[in-house]
Amino acid sequence: MKIITRFAPSPTGYLHIGSVRTALYSWLYARHNNGKFIFRIEDTDIERSTPEAIEAIIDSMRWLNLNWDEGPYYQTKRFERYNVVIDDMLKMGTAYKCYCSKERLKQLRENQIAKGEKPRYDGNCRNQNQHSNSYAESYVVRFRNPQEGLIIFNDQIRGPIKFDNKELDDLIIRRSDGVPTYNFCVVVDDWDMGITHVIRGEDHINNTPRQINIFKAIGATVPMYAHVSMILDHDGKKLSKRHHAMNIMQYRIDGYLPEALLNYLVRLGWSHGNKEIFSIKEMKILFRIEEVNKSASVFNIEKLRWLNQYYINTLPENYIVKKLQWHMKKLSINTCNGPKLKQVMPLIAKRSKTLVEIANSCRYFYQEIENFDVESAKKYLRPCANRPLQVLYEKFSALSTEKWKAENIHFIINNVVKELEVKISTVGMPLRVAVTGTSYSPELDAVLELIGQHRSLARIKKALQFISMQKD
Ligand code: GLU
């Protein structure tokens, strides 16, 4: 049997971290089994679905590289098909027209609540002769749900789950305005698309028995189900805006790599021994939906940051540079205005947890320093730094441009330290603040080489001017 899975988001908002994990699991299951992964947009809720959300969802899937074999399909483009199935069901008697007025249903509901019962449709029109000549009247179509028996399905994550048909009423499958309803469209889609495994959030568990009954009524094979648990924040509450859970693309903006995010998500609720790092290839080989934990998972941003740092430093440099370029542009840092990003990036990457951190730390290679960091200047650009910077300036100026290389720069710095008989930091720190604007940077010799001789000298001069304006 060819495994066919799908990811079927409703475009009523952005893709959040929980949906992405579901998409990933569904995608991995298909890829592991050499199956097919279908992408479907469930936009039947016309009022709440927006084109912006659809675009954002597609962009997110592309950014994450969760490629699909078919789709995106749109439910709103399939109404004709749903109606064909509904008409067949009406003919077969597995669905019926319900003419109950809003008032009647309201009254029924109120009575049931007053009696402490669960509100449900009482089947009033279920056994009435279906008026064939009453198309002028407004009616909905309801599914004739079996009234007896159990629905049992073996959830791939949660084990057997049982529902009693007595708990279910006759679901509306087409509203009076002719629009088929969500639970029904899902079934027809899963049927038509040959879905063998439905992997989705646990919030859909209660829809499953209804959907299974419809599958059976239309003579379709019921797929396997796996309901993935929720992701909670560290207080045990549902993820909130604080964690950017509302939009996965925020992670891109914040400088995370898709590889880190996917690795993080695959491990959130699934494990393989003590292994923490999973390349996409390894995930495809090792992931098993049956091994997913059924308890809720807790989101931990520090772990994601740790993974991101790992991937920044292990994925091919060209790839990281390309991703970094996107952030440089976003921060309006023009990389034509300085050394190649490919040379700068390795100097900074080791200490950085996100691409945004790298981009921000790269600024001084491409932009002039408007102001020295206040604390660093207070500490290191004091009159006592005047002499070391003066001597450095002279020696650096004397170096020919071809010799502006890290090893020669290193040699000069050491010479100045010896000549002035001071500690390395007495020379190094003022120089660092002068050329980078702050007191944190990678090795100075490499930094100076890349900043270039002309620019470095100009910055030292600026620092000397700054010092001369200070009172001791
Ligand atoms: N459209 C549903 C959602 O976004 C998913 C339905 C399903 O996977 O069956 O939650």
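Starting from 1, residues in each chain are numbered consecutively following that chain's sequence as written. Local features in a predicted model are, by the rule used here, given only for residues with pLDDT of at least 70; side-chain atom pairs are given and counted only at 80 or more, and totals for whole chains, interfaces and linings are based on all residues. Derived side-chain values reflect all non-hydrogen atoms in the structure, with water molecules and hydrogen atoms excluded from consideration.

Naming follows an unreviewed UniProt entry, where the protein appears as Glutamate--tRNA ligase of Candidatus Pantoea carbekii. UniProt positions are given in the numbering used here, feature names are shortened, and annotations may be inferred rather than shown by experiment. We quote the UniProt Subunit (unreviewed entry) comment for the protein here in full: "Monomer." Listed in UniProt under the heading Subcellular location (unreviewed entry), the comment for the protein reads: "Cytoplasm".

In DSSP terms, a helix is any run of H or I states spanning at least four residues, a strand is any run of E spanning at least two, and both are numbered starting from the N terminus. Mapped onto the secondary structure, isoleucine 205 falls in the loop between strand 9 (197-201) and helix 6 (208-217). When a residue's accessible area, from a 1.4 Å probe over protein chains only, is under 20% of the maximum for its type it is buried; when over 50% it is exposed; and in between it is partly exposed. Residue isoleucine 205 is classed as buried on the basis of its relative accessible area of 14%. It is 9.1 Å that separates the C-alpha atoms of isoleucine 205 and alanine 226, two residues lying 21 residues apart in sequence. Whether two residues are in contact is decided by their heavy atoms, any of which lying within 4.5 Å being enough. For isoleucine 205, the contacting residues outside a window of four places in its chain are Arg158, Ile161, Phe163 and His227.

A few words now on the UniProt feature "domain: Aminoacyl-tRNA synthetase class I anticodon-binding" (unreviewed entry) in the protein. UniProt records the feature "domain: Aminoacyl-tRNA synthetase class I anticodon-binding" (unreviewed entry) for residues 321-464 in the present numbering. The distance separating the terminal C-alpha atoms of residues 321-464 is 35 Å; by composition the span is 69% helix and 0% strand.

Right, let's get into helix 2 (residues 51-64). If you check helix 2, its first and last C-alpha atoms are 20 Å apart, about what 14 residues at 1.5 Å a residue would give, namely 20 Å. Among the residues of helix 2, Ala53, Ile54, Ala56, Ile57, Ile58, Ser60, Met61, Trp63 and Leu64 are the ones counted as buried. Following helix 2 by one or two positions, asparagine 65 adopts a phi angle in the positive range, close to 65 degrees. Given a helix with a known number of residues, its expected span is that number minus one, times 1.5 Å.

Below, the discussion takes up the site of the ligand. Think of it this way: one heavy atom of a residue within 4 Å of a molecule or strand is enough to make that residue near it. The local shell around the ligand consists of Arg6, Ala8, Pro9, Ser10, Glu42, Tyr182, Val186, Arg200 and His204. Any N or O atom pair separated by 3.5 Å or less is treated as a polar contact, with the protein-specific requirement of one donor-capable and one acceptor-capable atom, and with residues adjacent in sequence counted only for side-chain atom pairs. Arginine 6 has a polar side-chain atom sitting 2.6 Å from an oxygen atom of the ligand. Here a nitrogen atom of the ligand and a side-chain polar atom of serine 10 are 2.8 Å apart. Out of a free accessible area of 300 Å², the ligand has 82% covered by protein chains. All amino acids are sorted into three groups, where Ala, Val, Leu, Ile, Met, Phe, Trp, Tyr, Cys and Pro are nonpolar, Asp, Glu, Lys and Arg are charged, and the leftover types, Gly among them, are polar. Considering only residue class, the shell around the ligand consists of 4 nonpolar, 2 polar and 3 charged. The protein chains shown are the only cover counted for residues, whose accessible areas, like all others here, come from Shrake-Rupley with a 1.4 Å probe.

Centre-to-centre distance and the angle between the planes together describe a pair of aromatic rings. Pairs were defined over the aromatic rings of Phe, Tyr and Trp, the Trp ring being its six-membered one, requiring ring centres within 6.5 Å. Orientation was assigned from the angle between planes: stacked under 30 degrees, edge-to-face over 60, tilted for the rest. Applying the stated criterion to the full structure yields 16 aromatic pairs. Taken together, a centroid distance of 5.1 Å and an interplanar angle of 85 degrees make the contact between tyrosine 310 and tyrosine 311 edge-to-face. Tyrosine 311 sits in the buried class, given a relative accessible area of 6%. Ring geometry for phenylalanine 372 against phenylalanine 466: centres 5.3 Å apart, planes inclined by 75 degrees, an arrangement best described as edge-to-face. In this pair, phenylalanine 372 is assigned in the loop between helix 13 (355-366) and helix 14 (374-380) and phenylalanine 466 in helix 19 (residues 453-468), connecting sequence segments 94 residues apart. Through a chain of ring-to-ring contacts, the aromatic side chains of Tyr25, Trp270, Phe278 and Phe287 assemble into a single cluster. Here, over-ring charges are defined by two tests on the NZ atom of lysine or the CZ atom of arginine: distance to the ring centre within 6 Å, and angle to the ring normal within 35 degrees. For the cation-ring pair, arginine 252 lies above tryptophan 326, with the distance from its terminal atom to the ring centre recorded as 3.9 Å. Between the NZ or CZ atom of lysine 462 and the centre of the ring of phenylalanine 372, over which it lies, the distance is 5.7 Å.

On to the pattern of salt bridges, then. Salt bridges are defined as contacts in which a side-chain nitrogen from Lys or Arg sits within 4 Å of a carboxyl oxygen from Asp or Glu. This model, assessed by the stated rule, comprises 28 salt bridges. A salt bridge links arginine 305 to glutamate 357; the shortest N-O distance between them is 3.2 Å. Residue arginine 305 is located in helix 10 (residues 301-314), and its partner glutamate 357 is located in helix 13; the two are separated by 52 residues in the primary sequence. On the accessibility criterion, arginine 305 (21% relative accessible area) is partly exposed. Via salt bridges that share partners, Arg6, Arg40, Glu42, Arg78, Arg81, Asp189, Asp190 and Asp192 belong to a single interconnected network.

Right, let's talk about the environment of histidine 204 for a bit. Counting through the fold element by element, histidine 204 comes out in the loop between strand 9 and helix 6. For the pair formed by histidine 204 and histidine 227, sequence separation is 23 residues and the distance between their alpha carbons is 7.5 Å. In contact with histidine 204, other than residues within four places in its own chain, are Tyr182 and His227.

Only strands that DSSP links by at least two bridges are regarded as paired with each other. Overall, antiparallel pairing links the 3 strands, which are arranged 4-5-8 in an open sheet. With one partner strand each, in any of the chains shown, strand 4 (95-98) and strand 8 (172-174) form the two edges of the open sheet. On average, each strand axis in the sheet is tilted by 45 degrees relative to the strand beside it, whichever way the strands run. What counts as an axis is a line fitted to C-alpha atoms, over the stretch in contact for a helix, and the angles between N-to-C directions run from 0 to 180 degrees.

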